[in-house]
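# Notes for the structure review
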Amino acid sequence: MKEVRYRLYLDYEKEEKWINEMAAQGWHLEKWFLNRFTFTKGEQGAFTYRNEFLGAISKQEKQDYFELLKDSGITIIYELGGWVYMKKAAAEGPFELYTDTHSKIDYYKRMLNIFLLLFFVNVWSGILNVFVLGDQSLPEFFNSAVGIFNVAVAFLIAIPIIKIIQRKRALMKKKDLYE
């Protein structure tokens, strides 16, 4: 039996938690595409799921990383746009991708860089469309609408940026405390 759920998460950790809650109920992630999650019914709690943002890495680096994960008993479920969804049998023990504070901080930095880039591109496009191109005669409404959309997207992107900054700061305090 299959079930499709639609969810928009601006916090990847909450999304991962929800997917693991679904797995605990026996719904196993089969596919993800733009906030459309496809699950199949199976054994309750059989797998632990993780999602990860890889960012801009070469095809060879990605293949090597996926091979390392496979050798560790991890199955790649789906990969799109740098986001990877994976699972591991719960019976094999804990499934953590980043086990030390330093690697987790580096991961947050990678994510923060891409989100900041997307944020500033959307802000710049919004300003350009509303204030520079918005006064053109024929496409005035279109340019303004696109500009407003860009600014709205920038505000949505600001939510994960704030959460990542907070998590990164908390880890840095923790790291400083134990060093």
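Residues numbered from 1 in each chain as written. Predicted model: local features only at pLDDT ≥ 70, side-chain atom pairs only at ≥ 80, totals over all residues. Heavy atoms only, no water.

By size, the foremost hydrophobic cluster in this structure holds 27 residues, and its most contacted members are L29, W83, Y107 and M111. Sorting the residues of this core by element identifies α1 (12-24), β2 (27-33), β3 (36-41), β4 (47-53), β6 (83-89), α3 (101-132) and α4 (140-178) as the ones contributing at least two each. Per-element tally for this core: the top contributor is α3, with 6 residues. Other than its neighbours up to four places away in sequence, L29 contacts I19, F37, T38, F39, Y49, I77 and Y85. Counting 7 residues, the second largest nonpolar core, distinct from the first, contains F66, I74, M86 and F95. (Core = buried A, V, L, I, M, F, W, Y, C linked by side-chain atoms within 4.5 Å. Buried < 20%, exposed > 50% of the residue type's maximum accessible area, 1.4 Å probe, protein only. Helix = DSSP H or I, 4+ residues; strand = E, 2+ residues; numbered from the N terminus. Contact = heavy atoms within 4.5 Å.)

Moving on, we come to the environment of E13. Mapped onto the elements of the fold, E13 is located in helix α1. In this structure the C-alpha to C-alpha distance between E13 and R50, which are 37 residues apart in sequence, comes to 8.9 Å. Of the polar contacts made by the side chain of E13, one reaches the side chain of Y12; its length is 3.2 Å. (Polar contact = N/O pair within 3.5 Å; in protein donor to acceptor, adjacent residues only side chain to side chain.)

Let us now look at the packing of aromatic side chains. Taken as a whole, this structure holds 13 aromatic pairs when the rule is applied. On the basis of an interplanar angle of 85 degrees and a centroid distance of 5.5 Å, the ring pair of W18 and F39 is categorised as edge-to-face. One end of the pair, W18, is in helix α1; the other, F39, is in strand β3, with 21 residues separating them in the sequence. Considering the side-chain rings of Y107 and Y108, the 6.3 Å spacing of their centres and the 35 degrees angle between planes classify their relative orientation as tilted. On the basis of relative accessible area, Y107 is assigned to the buried category, the value being 1%. Residue class for Y108 comes out buried when judged on its relative accessible area of 3%. (Phe/Tyr/Trp six-rings, centres within 6.5 Å; stacked < 30°, edge-to-face > 60°.)

In space, the 3 strands of this open sheet follow the order β1-β3-β2, with antiparallel pairing throughout. Each end of this open sheet is capped by a strand with a single partner; those strands are β1 (2-6) and β2. Mean inter-strand twist for the sheet, computed between neighbouring axes without regard to direction, equals 25 degrees. As paired elements, β1 and β3 share 5 bridges and run antiparallel to each other. In the sheet register, K2 faces β3, and the bridge partner there is T40. (Pairing = 2+ DSSP bridges. Axes fitted to C-alpha atoms, helices over the stretch in contact; angles between N-to-C directions.)

The residue E16 is located in helix α1 in this model. Overall, the relative accessible area of 14% leaves E16 in the buried class. Every residue in contact with E16, bar those within four places of it in the chain, is listed here: Y49, R50 and N51.

Take α1 next. In this model, α1 (13 residues) spans 18 Å end to end at C-alpha, consistent with the 18 Å of a helix rising 1.5 Å per residue. Among the residues making up α1, those that are buried are Y12, E15, E16, W18, I19, M22 and A23. End-on, the buried residues of α1 take up no more than an arc of 160 degrees, which puts them together on one face. For α1, the N-terminal cap is D11; the gap from its side-chain oxygen to the backbone nitrogen of E13 is 3.0 Å. Just beyond α1, the residue with positive phi is G26, at close to 95 degrees. (Expected span 1.5 Å × (residues − 1). Arc of directions from axis to C-beta.)

The values are spatial; any link to function lies outside them.
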